[in-house]
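Take a look at the letters that make up each chain.
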Amino acid sequence: MKKYLIYCVFAMTAFGCNNASKMGESADILNKIENGDTVMESKIIKTADMKFRVKDVQSAKEKISAILKTEGGAIGEVSINSNIQNTEKVKYSADSLLELTAYRTEGLIMARVPSEKLDDFTNQVARMAVFVDHQSLKFDDQSLSYLTSELMSINRAEAVAQIEKKDNKKKEAIASKDVSKSLALKDEYVDQKVKNMSIDSRVQYSDVTLNFYQDHTVKQIVVGNDNLSDYRPPFFQRVVINLQSGWFIFKELILMLLNIWSILVLIAAGYFAYRYYKRQRKLI
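As a starting point, this report considers the structure included with it. A quick note: this is a predicted structure, and the numbers were derived from the prediction, not measured.

The rules behind the values
- Residues numbered from 1 in each chain as written.
- Predicted model: local features only at pLDDT ≥ 70, side-chain atom pairs only at ≥ 80, totals over all residues.
- Heavy atoms only, no water.
- Helix = DSSP H or I, 4+ residues; strand = E, 2+ residues; numbered from the N terminus.
- Contact = heavy atoms within 4.5 Å.
- Buried < 20%, exposed > 50% of the residue type's maximum accessible area, 1.4 Å probe, protein only.
- Arc of directions from axis to C-beta.
- Phe/Tyr/Trp six-rings, centres within 6.5 Å; stacked < 30°, edge-to-face > 60°.
- Lys NZ or Arg CZ within 6 Å of the ring centre and 35° of its normal.
- Pairing = 2+ DSSP bridges.
- Patch = residues over 30% accessible without salt bridge, like charges linked within 9 Å, V, L, I, M, F, W, Y side chains within 5 Å.
- Areas by Shrake-Rupley, 256 points an atom, 1.4 Å probe, with all protein chains shown as cover.
- Salt bridge = Lys/Arg side-chain N within 4 Å of Asp/Glu carboxyl O.

## Here's the deal with the side chain of Thr 101
The topology assignment puts Thr 101 in strand E3 (residues 96-114). Not counting residues within four places of it along the chain, the set of residues in contact with Thr 101 comprises Ile 84, Asn 86, Thr 87, Thr 217, Val 218 and Lys 219.

Set out below in structure tokens:
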């Protein structure tokens, strides 16, 4: 099956360059593969994913970092989050409360590990875990894709060389059509090279995703009492305070009446005058 795919790739690249007779290096590689003289280079990309429980997330993060450093790996991303499940405040003293918070801490590490040490790394992490929820290891064979890109980049390099050789023979200015074609082929050549460099990097270093968490934890913190009604004085002290307040109000009322004595006299005089007038009318 791979043999027929290689033929398809070879035909497409030859047609794109319009120069099937000039595919020297790529044709040599293809002939060697067909004759069994050259074995296709293996390009296996490994990725690992784990989810597990630990006793303490922060401690596990530090241990994983140490293991990565020992194995020659590197951390790409780290995050630790605490998700609050429930919270409650209970009275601790007259001016303070005991805040109880139940939460779950989770950690995430995305790292790159040398592929030859991937199994050893995942085994060390698994031994550190209290319980492993999930563990997977995936293999992605990019050998054919790598070979395809390599052949296409060789073809494009040869096509660019032929275009520039033809242009150098001209005495006049280089035709814009040939320049555009040369630039397009060079861009495609760079894309293929970068693609293969990416494959080489991912083959050399495997991507690992670690999700870990710890059991629910209850945190106790003494905080200030924000219920202002709890700061009121005791009952008997409030009784004394209210009696004092009542006596103060009574005195203020007397003082206010003294300030308006003339108005009160006029009201009283008017009242008695009205009664006298009413009584005289009844007599008449």
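What follows picks up the thread again.
## Looking at helix H4 (residues 118-128)
Every buried residue of H4 is listed here: Leu 118, Phe 121, Thr 122, Val 125 and Met 128. Taken around the axis of H4, the buried residues stretch over an arc of 120 degrees, which confines them to a single face. Each element contacted by the buried residues of H4 is listed here: strand E1 (44-53), helix H3 (57-71), E3, strand E4 (131-141) and strand E5 (205-213).

## Some words on the packing of aromatic side chains
In this description, a pair of aromatic rings is defined by centroid distance and the angle of the planes. Summed over the entire model, instances satisfying the criterion amount to three aromatic pairs. Consider the rings of Phe 52 and Phe 212, whose centres lie 5.6 Å apart with planes at 15 degrees: the pair is stacked. Placement of Phe 52 in strand E1 and of Phe 212 in strand E5 is noted, with a sequence separation of 160 residues between them. Summarising the burial analysis for this pair, Phe 52 and Phe 212 share the class buried. One cation-aromatic arrangement involves Arg 104 over Tyr 213; the distance from NZ or CZ to the ring centre is 4.2 Å.

## Re the pairing of E5
Bridge count between E1 and E5: seven bridges; the pairing is parallel. The partner of Phe 52 across the bridge, within E5, is Phe 212. Relative to E5, E3 runs antiparallel, the two being bridged by nine bridges. The partner of Pro 114 across the bridge, within E5, is Tyr 205.

## Points about a nonpolar patch on the surface
A cluster of nonpolar residues, Trp 247, Phe 250, Leu 253, Ile 254, Leu 255, Met 256, Leu 257, Leu 258, Ile 260, Ile 263, Leu 264 and Ile 267, forms a patch on the protein surface that exposes about 1100 Å² of accessible area. Listing elements by their share of the nonpolar patch, those giving two or more residues are helix H7 (235-259) and helix H8 (261-283). The element contributing the most residues to the nonpolar patch is H7, with eight residues. Considering the arrangement of structural elements, one finds Ile 254 in helix H7.

## A few points about the pairing of E1
Successive side chains on a regular strand alternate, one facing one side of the sheet and the next facing the other. The pairing of E1 with E4 spans ten bridges and is classified as antiparallel. In the sheet register, Met 50 faces E4, and the bridge partner there is Gln 135.

## Re the pattern of salt bridges
Throughout the structure, instances matching the rule amount to three salt bridges. The salt bridge partner of Asp 215 is Arg 53, with a shortest N-O separation of 3.3 Å. Highlighted residues: Asp 215 in the loop between E5 and strand E6 (217-224) and Arg 53 in strand E1, separated in sequence by 162 residues. Residue class for Asp 215 comes out partly exposed when judged on its relative accessible area of 44%. Among the ionic pairs, Glu 106 bridges to Arg 104, the shortest N-O distance being 3.7 Å. Arg 104 gets classed as partly exposed once you look at its relative accessible area, which sits at 22%.

Treat this as a map of the structure, not an account of what it does.
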